[in-house]
Amino acid sequence: MMSIIWPILVIVVTVFGVLGVAAVSTMLERRLLGVFQDRPGPNRVGPFGLFQVIADAMKMLFKQDWIPPFADKPVFLIAPIIGFLAVLLCFGVVPITPIWSVAGNLNVGLLFIFGMLGLGVYSVVLAGWSSNNKYALLGGMRAAAQMISYEVFMGLSVMGVVMAAGSFSIRDIVDAQTNCWFIIPQFLGAVIFFLAGVAETHRLPFDFPEGENEIGAGFHTEYSGMKFGMFYLAEYAGVALSSALVTTLYLGGWHGPLLPPFLWFAIKVFLLICFYILLRAALPRPRYDQLMSFGWKVLLPLSLLNILVTGAVVLLRAGV
Amino acid sequence: MNIVLELYGLIAIGATALAITRTIPVHGLLYLVVSLLALACMFDELGAPFAAMLEIIVYAGAIIVLFVFVVMMINLGQPDQLREKGWFAGGAWIGPGVIAALLMGLLVYGTQRSTMAVGTAGTPIGPQQVGLTLYGPYILTVELSSFLLLAGLVSAYHIGRRIGGKS
């Protein structure tokens, strides 16, 4: 009986945990942006403005949910769901603590994440196409090119870690970092992975699919109510996923002295989310072609070099 | 009989049929994605998780996205849908149907004669074993496909160059 209840419990708590983290990080972002920009930020609703999350959620749920008559209805409906599900499924293979993970032992865990990120591209592309709106279409096309390109660098940069750990299972990768976090030998890979993560979640400063001063609101121009809310939540869940991945792949996951494993994981993820927000506050948006040429002309050669050097070191260590 | 496997197979066949008969190209491509995902599930069920993930990453996650990208760029409208409807009318589908049926017959004949077990789940093969096999007995295939990819890369670069420009 326990063997049935425990996995279900883990799944349900993980799903709602991710939703909670995504909702709270919208609030965290607004407060932190306030701090960075020397203004109070939302502080009226409840203690420290904490109930603002609930107020925003209520607003989103009760707003009129409108489907434009010129849109392609089924695709318009399914696009936000795809994006949200893809991010949520990724959390299934992320081991949070040694005992708390849905499928952290999956021997192709990392590949599963890349597969789901690949499917996540459809959400933005289809939203842009089905809206039948020129701004949305431009946003969708930017998203397709940007996300597919940066998925390549993301995959290549992570190969260094896979080689060093000798496994695609994220659980094994975390266990391989008991003595030394991978960010030290794999620093280049970690930087490329983080940059690709920012582009993959299309967060500022790489938010070209929704660059508001160029193409309105981009791919979600025509979305309103809870369908927009799903894009919104998926974006913050994506930030949390990216932070969780950097934590497990490069920062030793739950490993750390004194504190219990879960707390170490939570602290690392929290700090990374804050860093994401600092990036938004600190950096201006580059041009779209600059992003693409930076990716293919700088990140691609660097990540290939990283694989080459890591491979050589692994062979030397093995004494071949 | 593995019921889960049969179910995935049914989904794949249904989605492929829908992909062929849709007149809006993006809808057809989406059904194709569903079919590819069902195929990936079948691979996983048969004990090839690595191949399943590659199927999702490469086909569903990259190639079909590029198809959608192209369809978005040329932005097909109402007239194209009407033209597509016209293609389904009459006997246009008989020829391809007969050829496909022949191929199907060959496939069934081949699998009936083969001594290998078909449609039964084997022991799962991890990514490490796949890598060892690829870079062991199948190294020639890997090298040949790398030639092919290099040729593709060079020609893409050639086509994409700026004519008359400096770079």
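Predicted, not measured: the structure shown is a model, and the values here were computed from it.

The rules behind each value
- Residues numbered from 1 in each chain as written.
- Chains lettered and ligands numbered in written order.
- Predicted model: local features only at pLDDT ≥ 70, side-chain atom pairs only at ≥ 80, totals over all residues.
- Heavy atoms only, no water.
- Helix = DSSP H or I, 4+ residues; strand = E, 2+ residues; numbered from the N terminus.
- Rg over C-alpha atoms; globule rule 2.2 N^0.38 Å.
- Buried < 20%, exposed > 50% of the residue type's maximum accessible area, 1.4 Å probe, protein only.
- Contact = heavy atoms within 4.5 Å.
- UniProt positions renumbered as here; feature names shortened; annotations may be inferred.
- Axes fitted to C-alpha atoms, helices over the stretch in contact; angles between N-to-C directions.
- Parallel < 35°, antiparallel > 145°, perpendicular 65-115°, else oblique.
- Left-handed = near helix turned anticlockwise from the far one by under 90°.
- Nonpolar A, V, L, I, M, F, W, Y, C, P; charged D, E, K, R; others polar.

## Re the overall build of chain A
Secondary structure summary: chain A contains 11 helices and 0 strands in total. Put simply, chain A runs from its N terminus to its C terminus through helices and strands in the order α-α-α-α-α-α-α-α-α-α-α. Computed over its C-alpha atoms, the radius of gyration of chain A comes to 20 Å, within 12% of the 20 Å expected for a compact globule of 320 residues. Within the span of chain A, comprising 320 residues, buried residues form 53% of the whole. Considering only intrachain contacts with a sequence separation of at least 6, the fraction spanning at least 24 residues in chain A is 77%.

## Quick look at the UniProt feature "transmembrane region" (unreviewed entry) in chain A
Residues and elements named next belong to chain A. When the UniProt feature table is mapped to this numbering, "transmembrane region" (unreviewed entry) covers residues 5-25, 74-96, 108-129, 150-170, 182-199, 230-250, 262-282 and 294-316. Between the C-alpha atoms that bound residues 5-25 the distance is 30 Å, and the span itself is 100% helix and 0% strand. Taken end to end, residues 74-96 is 74% helix and 0% strand, and its first and last C-alpha atoms sit 36 Å apart.

## Describing the packing of helix H7 (residues 187-200) of chain A against helix H9 (residues 225-250) of chain A
All names here are of chain A. Packing of H7 against H9 leaves a shortest axis separation of 10 Å and a crossing angle of 165°. Judged on the interaxial angle alone, H9 and H7 are roughly antiparallel. The handedness of the crossing between H7 and H9 is right-handed. Where H7 approaches H9, its residues Gly-189, Ala-190, Phe-193, Phe-194 and Gly-197 are matched on the opposing element by Ser-242, Leu-245, Val-246, Leu-249 and Tyr-250. When its residues are assigned to classes, the contact of H7 with H9 shows 7 nonpolar, 3 polar and no charged.

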